[in-house]
Each structure stands twice: as structure tokens, then as C-alpha cells.
Amino acid sequence: MGEKRNKTHLHCTVNGKERDNFVPDNMLLVDYLREDLDLTGTKIGCDGGECGCCTVLIGGAPQHACLRLAATCQELDIETIESLSDASRLSALQRGFHEKLGAQCGFCTPGMIMAAEGLLRQNPNPSEEQIRQGLASNICRCTGYIKIIESVQFAIGELKLAGNAT
Amino acid sequence: MEYMPNFQLHRPETPEEAIKLLNEQPEAKLVAGGTDMIVNVRRGIEQPKNLIDLSSINQLKEITESNDGLRIGAGVTLNKVATTALIKKGYPAVAEAASSVAGGTHQQYGTLGGNLCLDTRCLFYNQSEWWRQSNDYCMKERGDVCHVAPGGKRCFAAFSGDVAPAMLVYTAEVELLSSRGIRRIPLAEMYQNDGMNHLTLAPDELVSAVHLPRTLNGTPSRYEKVRIRGSIDFPLAGAAVRLKMNCGKVEDISIALTGVNPFPQIIKGTDEYIGKALNDEGLDILRDSVRKQAKPMKTTTVAPWYRRRVIGALARKLIKELAA
Ligand SMILES: Cc1cc2nc3c(=O)[nH]c(=O)nc-3n(C[C@H](O)[C@H](O)[C@H](O)COP(=O)(O)OP(=O)(O)OC[C@H]3O[C@@H](n4cnc5c(N)ncnc54)[C@H](O)[C@@H]3O)c2cc1C
Ligand code: SF4
Ligand code: FES
Ligand code: FES
């Protein structure tokens, strides 16, 4: 059974927590997150790069965790869906998906939210067209996308209100 | 756990280290953004024993301007190609093509080098292991027959990168690095008409940069493609056009295609239009000449006759827009 797998010492930050692990060279980031760190919010929905369910932020920019080898994440900052809520308080985007029914079966939701999170950090006030572009790499089987766009727009409104309050 | 073949990963930090590794491991494969290579590894299409990851080579990520023109490193992301003002202004089709690759997330880490060296694609090839196995594989990978042209000895898998045709209309050159040094060749010479082996790169060579000539900086151009889904999809057919008009007459014109041949293709014979006005008749002749030279085969779910018709119409539309 099985050849011995080459391993690399991986030092990175996941959701603000420093990690030190030995990961096989051929391990995908999505497997590292789900299997080694038990962060199962990140989903696997296809056999490579097509669905966006595995979207996480690396250095603040959205990437597919299913097309990234874990061992190439040396010294990088990775954020997954689990990082968004603050002491069980949902983030504006999470509230948006809840309020505006942006999630039906919910399988695409973590990836959608992380792609939207990456978009809003770069551009806090995107137009509908820019939201569509920002979420173009994410596929949803259920909602028909309209509700997802409304969810993101809800979050933009909430974030503006919060910004005005402080 | 997703299936992954076993391999050793190498992470060079300079182009020289990468070249050294390529010399030590001639069978090794390169990976940059991984948006094509890792998909193929996951599907068992590529089974490298050694994988050389170029993502930590900062030298490959630079964009520099010189008297010569613009030099864009192979490791520059598509997002950066699409949004850099120098490229958007000077070579608009290049930026437009980069912004049409896959979806926004892919563009964040997919690279220019990976896009130019993208493997050719076919309905019978870009499939999961079990799919290909139940079809007895095909000539391009493990099998004996071509399902597109059974009986033939050639593979027609289509080159489907978006950026190459936009680079070709600007007569871009590529810088190739190996232990023998650097050589610079026209991008067009990096390709050949063979779906199984479409790149003319030596096994120990890598692309380090692309050069866009200063002389063509600012000439108007467009890139557009036809695809099944508007959000993410490879081109069923794509066209880049660069056109400079002078007093209603063509001063310079170049057309290049993707998705309709195993290599990105420059349309021949466009020089005949230099000095002429582009009326409807001229546009129709150009359209027909594009249709004649494009050779789409049954490598996508969409029929070749449609791709041939649409590529002509697309090129005509772009020429007309640019001439207006
Ligand atoms: C869902 C999906 C949709 C896509 N849609 C499109 C599309 O519409 N248009 C399109 O053009 N592409 C598309 N792609 C393919 C891919 O995302 C892009 O072509 C991307 O630019 C590839 O770059 P990369 O850095 O990720 O390449 P990689 O996957 O890292 O490499 C691709 C190939 O290039 C070789 N390579 C990489 N860098 C070098 C170098 N410096 N020198 C020599 N060889 C090198 C690798 O060995 C490999 O064979 C899509 C991919 C997915 C998953
Ligand atoms: S054109 Fe033929 S040989 Fe080439 S990938 Fe398709 S089926 Fe395989
Ligand atoms: S799992 Fe589908 S894109 Fe990553
Ligand atoms: S909510 Fe079901 S896939 Fe999007």
C-alpha cells in the first residue's frame, strides 16, 4: 500500500491562529483545512476550479482552496468562513444571506460569502455589475443568484450604516 | 480527501533555481497559479513525480517599461494584466482578454505565463479519470484513438487561452529561459499545429516574460469571445483585432483567433486591406477569410459549423467597431 508521501513543514496563519503542521506535498489546501484543521465550512463541490464552493481568502484575496497546494501557503494568511462571525454574532454578509434568503441548500454559501467578502474589502461600494463580476467564479444550484446579489447589497447597506455610526 | 497522485513539490525562489531543478528532473512539470495544472493533476491527466511551483519567484512578477516597450513577467496575475493602466491604455485587447479569462477569482492568482502555456482542450480529454477510462481514454492521453477524428493520427485539441491572440495582434515576443541562457522569439513561434504537443518550448525551458513593442503602443484593439456561460467559460471561439485607420483608410490591421485550432492563429492576408477603405463588402470578405482559415473540430459540446460561423461574425463585428 501507498508510497511514502513527501512532506513539508507548513507555517501559516489560519483565521488569525498561527499553525505549524507537516503536510504532504500533494495535499490540497481544502483538504488541509477540512481534514487537518476540522474547518469543514469550506466545501468541495467539483473536481477542480469550476464551482467556487471552496473559496477562501489568501492574503485577503479570494482563491480556490481546491486548486492550491497546502505546502505553497507558507507564511500566508488564510481566512475561511469560520472567521467571519464575531463571538457568534454574524457578520454583515452572513446576516445579509440570512435576511435576504441568499442561502437555500447552503452548499455554495460559504464560498459565495468568502468571494463577496474579498470583493467588499477591495471595493466597499460595488455596483450590481461589479457584484456579478466578483461572484462570477461561484455557482449556485438553487437561488437563481438574484437573492444572492440582494444579500450582498443588504450587507453593503449594513456596513455603511455601521460606518456612519462610528 | 480528494484523490491526488503522489509527487514531490519544489519551490524555487529564483528563475535560475527553477532552471536547475528542470535540468535535474527533466520530467518535472511547472505550476504557476495552478488553475489549469492542478485541475489536470486532480483528474489524473497529469501525473508528475516532481512539480516545480513558480509562485514564490518574485522576479517573474514584475512589469517594467523600457524604450523597447513593455515587459510583463510570466508570473504576473491576470488580474494585474487586466487592471494595469499601462496595459489597458497601450494594449487594450490584452487587458480585455485577461479580464475575460475564467472568473474573477481565477484571475486573482492565474498567471500570464500559465495562460500562454495552457494545455490544449478537448471534450474527450478534459474529463475525470472515470469518464476517460469508460471511453478508453484517447490518443492525447494513454489511449490509442482520437474520438474527434477516428482513424486519423493527429490530435485536434483546441488551444483555448484568451490572452495569446491579443498578444499576437501586437506582435508580442516571449523571453525563454534555460541553462543555455535567454532567447527571445516571436510569441507566434512558441506554438505549433499539434494538439498533443502545441508548444515549441524545450523540456528544460520556461517562459520568463512577454514583451509588447513600444511601436504599437496605443493602437486601438479589441478582444471578444463566444462562450456557453457568460460568467466563467473557455472560449468556444475568440478573436482579437488591432486596427489603425487613417483618413478612412486602413493603415494597419491584424486579426488573431483562439479556440478554433490547436494553436492561437494569426489570420493571413490582412495586409491586402492596407490603404483601402472598409466598406460592407470589404468587411464581408474579411469575415469569410476568417471563416476559411479557422478550423474548429468537434472538441467542444458546440458544433464546429457554429464556431466557424460565429468566429467570422465576431471578427467582422470587432473590425467594424474599431473602424467606426
Ligand atoms: C473553471 C475554469 C475556467 C477557465 N476558463 C478559462 C478561460 O475562459 N480562458 C482561459 O484562457 N483560461 C481559462 N481557464 C484556465 C486557467 O485558469 C487560465 O488559463 C490561467 O491563466 C492559467 O494560469 P495558471 O497560472 O493558473 O496556470 P498553471 O495551471 O499553473 O499552468 C498552466 C500550464 O502552463 C505551464 N506554465 C505555467 N507557467 C509557465 C512558465 N512560466 N513557463 C512555462 N510553462 C509554464 C504549466 O506547466 C501548465 O502546463 C479556466 C480554468 C478553470 C478552472
Ligand atoms: S482531438 Fe482526439 S486525440 Fe486530441 S484530445 Fe480530442 S479525442 Fe483526444
Ligand atoms: S471545489 Fe469546486 S472550485 Fe473548488
Ligand atoms: S444555495 Fe444551494 S447551491 Fe447555492
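Residues numbered from 1 in each chain as written. Chains lettered and ligands numbered in written order. Predicted model: local features only at pLDDT ≥ 70, side-chain atom pairs only at ≥ 80, totals over all residues. Heavy atoms only, no water.

J.: What should I look at first to understand the overall build of chain B in this one?
T.: Of the regular secondary structure elements, chain B holds 11 helices and 12 strands. Relative to its length of 324 residues, chain B is compact, with a C-alpha radius of gyration of 20 Å against a globular reference of 20 Å. Overall size of chain B, expressed as C-alpha extent along the three principal axes, is 60 × 50 × 35 Å. Out of the 324 residues belonging to chain B, those deemed buried represent 56%. (Helix = DSSP H or I, 4+ residues; strand = E, 2+ residues; numbered from the N terminus. Rg over C-alpha atoms; globule rule 2.2 N^0.38 Å. Buried < 20%, exposed > 50% of the residue type's maximum accessible area, 1.4 Å probe, protein only.)

J.: I keep staring at the overall build of chain A and nothing clicks. Help me out?
T.: From N to C terminus, chain A includes 5 helices and 5 strands. Listing every helix and strand of chain A by position from the N terminus yields β-β-α-β-β-β-α-α-α-α. Since a compact globule built from 166 residues should have a radius of gyration of about 15 Å, the 16 Å found for chain A is in line with a globular shape. For chain A, the proportion of its 166 residues judged to be buried stands at 49%. Where the 16 positive side-chain charges of chain A centre and where its 21 negative ones centre are 4 Å apart. (Lys, Arg positive; Asp, Glu negative; His and termini not counted. Charge placed at Lys NZ, Arg CZ, Asp CG, Glu CD.)

J.: Sorry, what's going on with the site of ligand 1 here?
T.: If you check the shell around ligand 1, you find 34 residues, and the closest are L30, A32, T35, T111 and D162 of chain B. More than a single chain frames ligand 1: its nearby residues are located in chains A and B. A distance of 3.5 Å is found between an oxygen atom of ligand 1 and a backbone nitrogen or oxygen belonging to S160 of chain B. Here ligand 1, which alone exposes 960 Å², has 94% of that area covered by the protein. Those elements that provide at least two residues to the shell around ligand 1 are β2 (29-31), α7 (112-116) and β8 (206-213) of chain B. (Near = heavy atom within 4 Å. Polar contact = N/O pair within 3.5 Å; in protein donor to acceptor, adjacent residues only side chain to side chain. Areas by Shrake-Rupley, 256 points an atom, 1.4 Å probe, with all protein chains shown as cover.)

J.: I'm lost on the nonpolar core in this one. Help?
T.: Nonpolar side chains tend toward joint burial in soluble globular proteins. Counting 42 residues, the largest nonpolar core has V94, L116, M167 and M190 of chain B as the members making the most contacts within it. Among all residues touching M167 of chain B, those that are not within four sequence positions of it are I72, V94, L112, L116, A172, L187, V210 and L212 of chain B. Counting residues in hydrophobic clusters, the runner-up holds 33 residues, among them C12 and L33 of chain A together with V31 and Y109 of chain B. (Core = buried A, V, L, I, M, F, W, Y, C linked by side-chain atoms within 4.5 Å. Contact = heavy atoms within 4.5 Å.)

J.: Teacher, can you tell me more about the environment of E18 of chain A here?
T.: All names here are of chain A. Here E18 shows up in strand β2 (residues 17-24). On the basis of relative accessibility, which here comes to 56%, the residue E18 falls in the exposed class. Taking the C-alpha atoms as reference, E18 lies 9.4 Å from E75; in sequence the two are 57 residues apart. Within polar-contact distance, the side chain of E18 engages the side chain of H11 at 2.7 Å.

J.: How should the packing of aromatic side chains be read in this particular structure?
T.: Within a pair of aromatic rings, the relevant descriptors are the distance that separates the centres and the angle that separates the planes. All names here are of chain B. All chains considered together, the criterion is met by 4 aromatic pairs over all chains. Here the aromatic rings of W305 and Y306 are separated by 6.2 Å at their centres, their planes lie at 85 degrees, and the arrangement is edge-to-face. Residue Y306 is classed as partly exposed on the basis of its relative accessible area of 34%. Over the face of the ring belonging to Y125 we find K140, whose NZ or CZ atom lies 4.6 Å from the ring centre. (Phe/Tyr/Trp six-rings, centres within 6.5 Å; stacked < 30°, edge-to-face > 60°. Lys NZ or Arg CZ within 6 Å of the ring centre and 35° of its normal.)

J.: Honestly, the interface of chain B and chain A in this entry has me stumped. Any pointers?
T.: Interfaces are often described in size by the accessible area the parts lose on coming together. With 28 residues of chain B at the contact, the number on the chain A side is 33 residues. Between chain B and chain A, roughly 2700 Å² of surface is buried when both sides are summed, and carbon and sulfur atoms account for 52% of that area. Where E50 of chain A meets R43 of chain B, a salt bridge forms, and the shortest distance between an N and an O atom there is 3.2 Å. Our enumeration of links across chain B and chain A arrives at 13 residue pairs in polar contact (both at pLDDT 80 or more). Elements supplying a minimum of two residues to the side of chain B that touches chain A: β1 (8-10), α2 (37-42), β3 (50-53) and α6 (104-109) of chain B. Grouping the constituent residues of the side of chain B that touches chain A by class yields 10 nonpolar, 12 polar and 6 charged. (Buried area = accessible area lost by both parts, 1.4 Å probe. Salt bridge = Lys/Arg side-chain N within 4 Å of Asp/Glu carboxyl O. Nonpolar A, V, L, I, M, F, W, Y, C, P; charged D, E, K, R; others polar.)

J.: What is the right way to look at the site of ligand 2 in this model?
T.: All names here are of chain B. In the neighbourhood of ligand 2, the contacting residues comprise C122, F124, Y125, C138, M139, K140, C146, H147, V148, C155, F156 and A157. In this structure the site holding ligand 2 corresponds to the largest cavity. Tallied by class, the residues present in the shell around ligand 2 amount to 10 nonpolar, 1 polar and 1 charged. (1 Å grid on protein atoms, 1.4 Å probe; cavity = no way out; pocket = protein on both sides within 12 Å on 5 of 7 lines; lining within 4 Å. Sits in = over half its atoms within 2 Å of the grid points.)

J.: Could you clarify how one ought to interpret the sheet that holds strand β12 (residues 265-266) of chain B in this entry?
T.: Residue and element names in this part refer to chain B. Pairing is antiparallel across the open sheet formed by 4 strands, whose spatial order is β9-β10-β11-β12. Of all strands in the sheet, those with a lone pairing partner are β9 (221-226) and β12, marking the two edges. Sheet topology note: the strand β10 (residues 237-246)/strand β11 (residues 249-258) ladder contains 9 bridges and is antiparallel. Looking at β11, one finds that L243 is bridged to I253. Against the sheet, helix α10 (residues 280-293) contacts β11 and β12, and its axis sits at roughly 30 degrees relative to β11. Each of β9, β10 and β11 is contacted by helix α11 (residues 304-323), which is oriented at about 25 degrees to β10, the strand it contacts most. (Pairing = 2+ DSSP bridges. Axes fitted to C-alpha atoms, helices over the stretch in contact; angles between N-to-C directions.)

J.: Please clarify how empty space enclosed by the protein should be interpreted in this entry.
T.: Taking a probe equal in size to a water molecule and rolling it over the atoms shows the remaining empty space. Residues and elements named next belong to chain B. Considering all chains together, one arrives at 2 cavities of 30 Å³ or more under this definition. Roughly 90 Å³ of volume is contained in the largest cavity. Around the largest cavity sit C122, F124, Y125, C138, M139, K140, C146, H147, V148, C155, F156 and A157, which together line it. In terms of residue class, the lining of the largest cavity is made up of 10 nonpolar, 1 polar and 1 charged. Estimated volume of the second largest cavity: approximately 50 Å³. Grouping the amino acids of the lining of the second largest cavity by side-chain chemistry returns 3 nonpolar, 2 polar and 2 charged. (Points joined across faces, edges and corners; volume = space filled by probe spheres on them.)

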